[in-house]
Each structure stands twice: as C-alpha cells, then as structure tokens.
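Notes for the structure review
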Amino acid sequence: MGFDVYNPHEYWYEHGKSYKEQFRYNKNFELQESLVIDYLRRNLASSSSFSTVLEAGCGFGRITRLLLTNFPNIREYQAIDLSPDQIKNAKEFTRSVVEAMSDNPLNFAVSDIQSFQSERKYDLVIASEVLMHILPSEIEKVMIKLVNMSNHHVVNIDWYEREKPRKMAPHNFIHEYEKIYRNIPSVTEVYQIPIANKGSWLRSVNTKQCIFHALTKNSG
Ligand SMILES: C[S@@+](CC[C@H](N)C(=O)[O-])C[C@H]1O[C@@H](n2cnc3c(N)ncnc32)[C@H](O)[C@@H]1O
C-alpha cells in the first residue's frame, strides 16, 4: 500500500497489520536493546524510583517484554499503541513472561498518545522509535504530555543526527528532542546518549539513534 501524504493514523493502522511479520532482529536492534537495559539499570533502577511504567507506542511488545524480563521490580506496566493489530501481537509476544509472574503487572490499551487519558503518573514513561513518527506540528504537545504523565523519568529512543539527510521517508522525522525537553518547565535535567559501539571497524555499530532521558520534578 502506498502513502503519498503521511497520515500517522492511517499509516500505522495499516502497517500494524504486518509490522511483526516483517520485523527482523539485526545488530542495530541487539545493540539498542543492550544499551537501553544497561542505561536503565545504571541510571534508574539503582535509585529504586522505577516500579510503574507507561510505554507509548509499544508495537508488538519488543521493549515491553525486554523491560519486564530485566526489571522484576515492575509492579505496574501500561502499554499503549494506536494499532489494534500491534496490541494483539504484543499480548501474544509477552504472554509467556506474564504467565511466569505471580501478579500480572501488564495492561494493554489501543490508544494513541494524544488521546490517552490517565489520572495517575508513572515512574518511567518510555517510547521507543515512536516520537520519530510524530508530525512536527504535534511533537511538542506530545512530549509535554509524556512529561506530564511521569513522576520522574521520560525516556525516548529515536533516530537522531545533527545533519538531516537530504532525503527522508515521509513517516520519519528528526526532532530536536533535547531542546524540546529543556523548554518544558517541569524538566530538570536532560541526557542524550548515542547508541553506537566503537569497536574495531569490523565490529563497530552506529544505529544513528540516541537514548533521550528527561528527569522531571512532577510527583503524585
Ligand atoms: C516503529 S514502531 C516501534 C514499536 C516498538 N516501540 C519498538 O520499539 O519495537 C512505532 C509504533 O508506534 C505506534 N505509534 C505511532 N504513532 C503513535 C501515537 N501517536 N500513539 C501511539 N502509538 C503510536 C505505531 O502503531 C507503531 O506500533
């Protein structure tokens, strides 16, 4: 199916149907997952401030399963995605992990970030490869919403390069995440960590992605 003009809802509704089937793990995803876990372990888990999670745009549950497997302290995990097919696949993909737990912390909802309503805040709000698909006209509003739904931490993992390539697919954007976080009054600190591994030239991997981490002074 071709999309001349990027309409996020139409695009992801349609792509959600085949996303999992077409997904292939590669060395970029391996590095991304290992650096994200390592980063969360070193910077969030040690402060014991991380037992409730909101994941926006969970897809087929790749990061959901990764976090639940690596952080047994999670007692509540709300995962949302606008695609009903992705949510269906995510339930299946996380089933064995959840069944092995005494209390099921995981709750799924079909919803976009923009219309998701929550009366409570989460210790960690996380979005992996989701904000890069938000329209430039909406990105600030969406990031403010994510920050407002967090008690402490907001983490997004997204494509970032200082120099924008001349040609980009219509559904991909490079947003100025760090700058946007810094302009939100409740954000106190912001970190940007490149997902790259400088090994020998044979082993070096550069995903052209970064982990963006904002700390907030929200509470409640
Ligand atoms: C590239 S996939 C990433 C999936 C998953 N986070 C991962 O890293 O494997 C992007 C996902 O974000 C979802 N998505 C896009 N825009 C969204 C929005 N505004 N609200 C909620 N989900 C959204 C899509 O349906 C899709 O499942």
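See the structure above.
Definitions and limits used
Residues numbered from 1 in each chain as written. Predicted model: local features only at pLDDT ≥ 70, side-chain atom pairs only at ≥ 80, totals over all residues. Helix = DSSP H or I, 4+ residues; strand = E, 2+ residues; numbered from the N terminus. Rg over C-alpha atoms; globule rule 2.2 N^0.38 Å. Buried ≥ 20, exposed ≤ 12 C-beta atoms within 10 Å, placed from the backbone. Contact = placed C-beta atoms within 7 Å. Near = placed C-beta within 6 Å. Nonpolar A, V, L, I, M, F, W, Y, C, P; charged D, E, K, R; others polar. Pairing = 2+ DSSP bridges. Right-handed = clockwise from strand over helix to strand, strands pointing away. Axes fitted to C-alpha atoms, helices over the stretch in contact; angles between N-to-C directions. Core = buried A, V, L, I, M, F, W, Y, C linked by C-beta atoms within 7 Å.

Details of the overall build of the chain
In terms of regular secondary structure, the chain is built from seven helices and seven strands. Taken from N to C terminus, the helices and strands of the chain fall in the order α-α-α-β-α-β-α-β-β-α-β-α-β-β. Expected size for 220 residues packed as a compact globule is a radius of gyration near 17 Å; at 17 Å, the chain falls within 12% of this value. The proportion of buried residues among the 220 residues of the chain is 35%.

A word on helix α4 (residues 62-70)
Side chains of residues three or four places apart in an α-helix project in the same direction, reflecting 3.6 residues per turn. Within the span of α4, buried status applies to R62, I63, T64, L67 and L68. Those residues of α4 that are buried lie in contact with β1 (52-56), β2 (76-81), α5 (84-99), β3 (106-110) and β4 (122-128).

Observations concerning the environment of P165
Residue position: P165 is located in the loop between β5 (150-159) and α7 (177-182). Since 9 C-beta atoms lie within 10 Å of it, P165 is described here as exposed. Along the chain, P165 and N197 lie 32 residues apart, while their C-alpha atoms are 22 Å from each other.

Side note on the site of the ligand
Close to the ligand lie 22 residues; W12, G57, G59, D112 and S128 are nearest. Listing elements by their share of the shell around the ligand, those giving two or more residues are α1 (8-15), α4 and β2. Here the shell around the ligand is built from residues that sort into 10 nonpolar, eight polar and four charged.

Looking at the pairing of β5
Most of β5 is tucked away: eight of the 10 residues are buried. Pairing analysis gives six bridges linking β4 to β5, with the strands arranged parallel. In the strand pairing of β5, V125 is matched with V154. Viewed along the sheet, the connection from β4 through helix α6 (residues 139-148) into β5 turns out right-handed. Alignment of β5 against strand β7 (residues 205-216), held across seven bridges, turns out to be antiparallel. Considered in β7, the bridge of V154 is made with A214.

Things to note about the sheet that holds β7
The strand order across the open sheet built from seven strands is β3-β2-β1-β4-β5-β7-β6, with neighbouring strands paired in mixed fashion. The strands lining the two open edges of the sheet, one partner per strand, are β3 and β6 (187-197). On average, adjacent strands in this sheet sit at an angle of 15° to one another, irrespective of strand direction. Across the sheet, helix α3 (residues 27-43) lies against β5, β6 and β7, angled at about 25° from β7, the strand it touches most.

With respect to the environment of R62
Turning to its location among the elements, R62 is positioned in helix α4. For R62, a count of 21 C-beta atoms within 10 Å puts it in the buried group. For the pair R62 and S128, spaced 66 residues apart in sequence, the C-alpha to C-alpha distance is 9.5 Å.

Details of the nonpolar core
Considering soluble globular proteins, one finds that nonpolar side chains tend to be buried as a cluster. Core analysis: the biggest nonpolar cluster contains 47 residues, and A56, V125 and L146 have the highest contact counts within it. L146 has contacts with A56, I113, V125, A127 and V154, leaving out every residue within four places of it along the chain.

Remarks on the environment of T216
Residue position: T216 is located in strand β7. The contact partners of T216, leaving out residues within four places of it in the chain, are V147, S150, H152, V154, S186, V187 and T188.

Things to note about the pairing of β3
With five bridges joining them, β2 and β3 adopt parallel strand pairing. Within β3, the residue paired with A79 across the bridge is F108.

A closer look at unusual backbone geometry
One non-glycine residue, E129, lies in positive phi territory at about 55°. With respect to the helices, strands and loops of the structure, E129 is situated in the loop between β4 and α6. Owing to 18 C-beta atoms within 10 Å, E129 belongs among the partly exposed residues under this scheme. Positive phi is not limited to glycine here, since K208 has a value of about 60°. The partly exposed category is assigned to K208, around which 14 C-beta atoms lie within 10 Å.

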